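Working through the structure, step by step
One-letter residues, chain by chain:
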2 protein chains.
Amino acid sequence: MGFWKSLFTTSNTMTAPPSQKEGGVTVSPTAAPDTRIFFSTDRDIDLYDLEELCDAVGWSRRPLRKVKKAIQHSFLVVSMWEQRGSSRRLVGFSRATSDHAFNATIWDVVIHPDFQSKGLGKALMKYLIKRLRSDDISNITLFADPHVVDFYRNLGFAPDPEGIKGMFWYPD
Amino acid sequence: MGFWKSLFTTSNTMTAPPSQKEGGVTVSPTAAPDTRIFFSTDRDIDLYDLEELCDAVGWSRRPLRKVKKAIQHSFLVVSMWEQRGSSRRLVGFSRATSDHAFNATIWDVVIHPDFQSKGLGKALMKYLIKRLRSDDISNITLFADPHVVDFYRNLGFAPDPEGIKGMFWYPD
């Protein structure tokens, strides 16, 4: 651990103070001591904040109307926030679709570049997996770009297990 | 075409007569002339019929309570029926999860062995894709067992496009 630590906490409502402790992680040795990082499963995310986060990692812009619909119809949405004093900043996001019974598929995992390489992506994924497992979802899947295959492998994801292939449909 | 043809029709309610024509396909040259195959998107499927269908292709049994929940929470459920006179038999099934906006993932594609190799799986998939596209879903995905990768490839699905890997999480 560094000379300070930021506690991971969870919150279902952005207005209520986080209550459940998730674990402690060093975010950055230069971060201010009153800084903490916490997760939320609240879907009421400012879509412009989310767009800014996705812009920061170079993703193509998507219609906010559709982003809103996708968030509403995801099984689980996990956002990650930095809190400094009374101000909060969206620094990470991910969501999963599911049939609520067997399968979940994780989409749109993003960590702001300023917050990458600090273990936050790993923490976000572990939290997401824990939540899906607690809902008795046995099959957790995702589609990984080549440069993040090792990241997910380290989290326990196997590519093409037993020869199973991820496939994408393309219009004729 | 064979000496007779069975019309693919669609139905949203199993009690109402199918109304929309989907196209004509030869199911089997030995089938009775009063036999037709049709699709339905009704979720009110007898779970024991579905279990029997899945048993026929050798799938592991799953708790019906969870199967029911998965059907309820799928974005789209398509079943395929053989009708002979007034009796109907479930001969195919598939479903898709989705965020209702960008992504859909197809699960549980099954055709009864007696009805395989007649183009019915292809017809079922084409119908499913058409429905997802009509709902403005741009990213249609699935996880294919090795022996059906070519089947899906012929339908326009590409494995690992641009190196994207399908991954499955395994508990430690």
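This report concerns the structure included in the present document. (Residues numbered from 1 in each chain as written. Chains lettered and ligands numbered in written order. Predicted model: local features only at pLDDT ≥ 70, side-chain atom pairs only at ≥ 80, totals over all residues. Heavy atoms only, no water.)

This part is about helix α2 (residues 64–72) of chain B. All names here are of chain B. Buried residues of α2: L64, K66, V67, A70 and I71, and no others. When α2 is viewed along its axis, its buried side chains cluster within an angular range of 155° and face the same direction. On its buried face, α2 is in contact with α1 (47–56), β4 (76–84) and β5 (87–98). (Buried < 20%, exposed > 50% of the residue type's maximum accessible area, 1.4 Å probe, protein only. Helix = DSSP H or I, 4+ residues; strand = E, 2+ residues; numbered from the N terminus. Arc of directions from axis to C-beta. Contact = heavy atoms within 4.5 Å.)

Attention shifts here to a negative patch on the surface. All names here are of chain A. A surface patch of negative charge is lined by D44, D46, D49 and E52. Within the secondary structure layout, D46 lies in the loop between β3 (35–40) and α1 (47–56). Residue class for D46 comes out partly exposed when judged on its relative accessible area of 38%. (Patch = residues over 30% accessible without salt bridge, like charges linked within 9 Å, V, L, I, M, F, W, Y side chains within 5 Å. Areas by Shrake-Rupley, 256 points an atom, 1.4 Å probe, with all protein chains shown as cover. Salt bridge = Lys/Arg side-chain N within 4 Å of Asp/Glu carboxyl O. Lys, Arg positive; Asp, Glu negative; His and termini not counted. Charge placed at Lys NZ, Arg CZ, Asp CG, Glu CD.)

Turning our eyes to something else, we now look at the pattern of salt bridges. All told, the structure shown has 22 salt bridges over all chains when counted by the stated rule. A salt bridge links B:D99 to A:R95; the nearest nitrogen and oxygen atoms lie 2.9 Å apart. With B:D99 in the loop between β5 and β6 (103–111) and A:R95 in strand β5 (residues 87–98), this residue pair bridges two chains. Owing to a relative accessible area of 2%, A:R95 belongs among the buried residues under this scheme.

Here the focus is the pairing of β6(B). Residue and element names in this part refer to chain B. Counting buried residues in β6 gives 8 out of 9 residues, a clear majority hidden from the surface. In the sheet, β5 pairs with β6 via 6 bridges, with the strands oriented antiparallel. Its bridge partner being in β6, A96 is matched across the sheet by I106. Two successive antiparallel strands, β5 and β6, enclose a turn made up of 4 residues, where H100 displays a positive phi of approximately 65°. Summarising the sheet, β6 and strand β7 (residues 139–144) pair through 4 bridges and their orientation is parallel. Bridge pairing in β7 places T105 opposite T141. Remark: the β6/helix α3 (residues 120–134)/β7 crossover connection has right-handed handedness. (Pairing = 2+ DSSP bridges. Right-handed = clockwise from strand over helix to strand, strands pointing away.)

Distances and angles like these do not, on their own, reveal function.
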